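# Overview (structure and organization)
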Amino acid sequence: MKISYTLVKEEKNTNARFGCIQTNYGTYDTPMFMPVGTRATVKSLTNEQVKSCSSGIILANTYHLWLRPGDALIKKAGGLHQFMNWNGPILTDSGGFQVFSLAKNKEKDIVEEGVHFKSHIDGQDLFLTPEKSITIQNNLDSDIAMSFDECPPASASYDYLKNSVERTLRWAERGKKVHSNDRQALFGIVQGGAYEDLRKYSAIKTVELGFDGYSIGGVANDGESKEDMYKAIDYSIPYLPKDKVRYLMGVGEPIDIIEGVIRGVDIFDCVLPTRIARHGQAFTRYGKVNLHNAKYREDFTPIDSECDCYTCKNYTRSYIRHLVSTGEMLAGTLLSIHNIRFLIRLTEELREAIKKDILLEYKDEFLKKYNHN
């Protein structure tokens with residue numbers, strides 16, 4: 001069975017919506033935050049720890065798994081769920097972002113057929129096409145696959161973006177033609193920078209191709225302003241069907257999740273919660289805290305007194321600061337549990353606010369606390 005989406009309620013005062021995604025592993029409510037398991041693992045966590053955060057869908061990365069251990073091996077193992085022992089839904093991205101961001105020395109050559117680039121691991125010459133990306137994802141047997149798109153930098157000119165949108169549409173059509181996994185949904189990706197006409201055109205034409213869900217791409221790039229990110233959402237959402245999932249790629253700042261939900265986004269993903277955890281940082285209701293800071297040496301309170309995660313129930317800031325200061329691996333694990341649960345709990349609260357038509361009030365209250373520091 002492919003995933004499907006049911007719209008349950010639209011918020012009265014915004015474009016926000018509460019819905020459900022039906023999968024082969026159960027039904028999951030939206031808005032939803034999805035933890036990222038780049039190499040078939042959410043960094044520093046076991047699957048049981050990820051589940052303890054009330055995670056639903058998780059992500060894995062086509063580019064990285066293609067290079068190591070290889071999609072053929074994962075297919076032989078029975079697919080990604082069997083390989084990594086995850087009994088929940090998985091979304092695989094197309095590898096497009098990694099090709100454009102991780103290519104060794106940023107060397108890449110975009111041609112109509114695909115992208116020539118060098119592996120970030122050993123400099124090997126590689127060539128990824130829309131057909132190859134979809135074939136890899138078919139082999140991985142994820143629940144949701146993503147179309148292969150071009151990911152232009154935030155600094156790209158209007159003319160470049162216009163050509164890029166057309167190329168992404170052609171690539172989307174080519175990928176759709178070779179998609180052959182009947183259990184796997186395929187999402188299209190809307191591009192176009194912060195230009196209203198390009199986003200509208202990209203959204204309309206992508207929807208005409210007929211996908212199982214739609215993603216707003218080209219956001220959260222280096223050098224992109226918050227204003228441009230929100231414009232990209234505003235210019236895309238009105239042209240996406242109400243009966244399909246809307247996915248904002250690569251966004252994990254709490255404020256951006258709230259703004260995305262207000263604008264009508266259903267699902268989000270980002271490496272941010274585990275990345276900042278590895279650097280000793282944590283989300284709290286009163287903004288981020290840095291556990292390297294000496295002021296936490298004798299702080300025997302939880303990271304966030306309002307949090308219900310395993311870490312906050314069992315450990316103090318003082319202890320976690322000790323782990324961070326001594327370079328203990330457990331620090332990253334405990335902080336990752338907290339940060340992922342923080343974002344998932346945020347989306348749970350956003351759902352309740354949508355149900356009660358108080359989302360804007362919720363946003364105001366959240367920001368009063370979050371911007372406290």
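Located above this text is the structure these notes cover.
Residues numbered from 1 in each chain as written. Predicted model: local features only at pLDDT ≥ 70, side-chain atom pairs only at ≥ 80, totals over all residues. Heavy atoms only, no water.

### Comments concerning helix H8 (residues 196-209)
Over its 14 residues, H8 runs 20 Å from end to end, which matches the ideal 20 Å to within 8%, given 1.5 Å per residue. Residues Leu198, Arg199, Ser202, Ala203 and Thr206 constitute the buried set of H8. For H8, the angular spread of the buried residues around the axis is 125 degrees, confining them to a single face. If you follow the buried residues of H8, they end up packed against helix H7 (158-178), strand S11 (185-190), strand S12 (213-216) and helix H9 (226-236). Count one or two residues on from H8 and you reach Gly210, which has phi positive near 80 degrees. (Helix = DSSP H or I, 4+ residues; strand = E, 2+ residues; numbered from the N terminus. Expected span 1.5 Å × (residues − 1). Buried < 20%, exposed > 50% of the residue type's maximum accessible area, 1.4 Å probe, protein only. Arc of directions from axis to C-beta. Contact = heavy atoms within 4.5 Å.)

### Quick notes on the pattern of salt bridges
If you walk through the whole model with that rule in mind, you get 27 salt bridges. A salt bridge links Asp212 to Lys2; the nearest nitrogen and oxygen atoms lie 3.6 Å apart. Taken together, the residues span a long stretch of sequence, with Asp212 in the loop between H8 and S12 and Lys2 in the segment before strand S1 (4-10) at a distance of 210 residues. For the salt bridge of Arg263 with Asp234, the shortest nitrogen-to-oxygen distance reads 3.0 Å. (Salt bridge = Lys/Arg side-chain N within 4 Å of Asp/Glu carboxyl O.)

### Some points on the sheet that holds strand S2 (residues 17-23)
Spatially, the three strands line up as an open sheet ordered S1-S2-S3, and their pairing is antiparallel. Two strands in the sheet have a free side with no partner beyond their single neighbour: S1 and strand S3 (26-30). The average undirected angle you get between the axes of adjacent strands in this sheet is 20 degrees. Bridge count between S2 and S3: five bridges; the pairing is antiparallel. Note that in S3 the partner of Gln22 across the bridge is Thr27. Most of the contacts of helix H14 (residues 329-356) go to S2, to which it runs at about 125 degrees, and overall it touches S1, S2 and S3. (Pairing = 2+ DSSP bridges. Axes fitted to C-alpha atoms, helices over the stretch in contact; angles between N-to-C directions.)

### A short note on the pairing of strand S5 (residues 58-61)
Both faces of S5 are covered, namely the face carrying Ile58 and Ala60 and the face carrying Leu59 and Asn61. Pairing of S5 with strand S6 (residues 90-93) involves four bridges; the strand directions are parallel. The residue bridging Asn61 from the neighbouring strand is Asp93, located in S6.

### Here's the deal with the packing of aromatic side chains
Counted according to the given criterion, the structure contains nine aromatic pairs. A centroid spacing of 5.1 Å and a plane angle of 25 degrees characterise the contact between Phe148 and Trp171, whose relative ring orientation is stacked. Taken together, the residues Phe148 in the loop between strand S10 (144-146) and H7 and Trp171 in helix H7 connect sequence positions 23 residues apart. For Phe148, a relative accessible area of 1% puts it in the buried group. Aromatic pair Phe211 and Tyr214: ring centres 6.2 Å apart, planes at 90 degrees, arrangement edge-to-face. For Phe211, a relative accessible area of 2% translates into the label buried. Taking the relative accessible area as the measure of exposure, Tyr214 reaches 2% and is therefore buried. Chaining the aromatic ring pairs together yields one cluster made of Tyr310, Tyr315 and Tyr319. Positioned over the ring face of Trp86 is Lys51, at 4.5 Å from the centre of the ring. (Phe/Tyr/Trp six-rings, centres within 6.5 Å; stacked < 30°, edge-to-face > 60°. Lys NZ or Arg CZ within 6 Å of the ring centre and 35° of its normal.)

### Side note on the pairing of strand S13 (residues 245-248)
Because side chains alternate across S13, one face comprises the buried residues Val245 and Tyr247, and the other comprises Arg246 and Leu248, equally buried. For S12 and S13, the ladder comprises four bridges, and the chain directions are parallel. Bridging from a neighbouring strand, Ser215 pairs with Tyr247 of S13. Sheet topology places S13 next to strand S14 (residues 267-270); two bridges connect them, and they run parallel. Across the sheet, residue Leu248 finds its bridge partner in S14, namely Phe268. Read from S13 through helix H10 (residues 254-262) to S14, the crossover connection turns out right-handed. (Right-handed = clockwise from strand over helix to strand, strands pointing away.)

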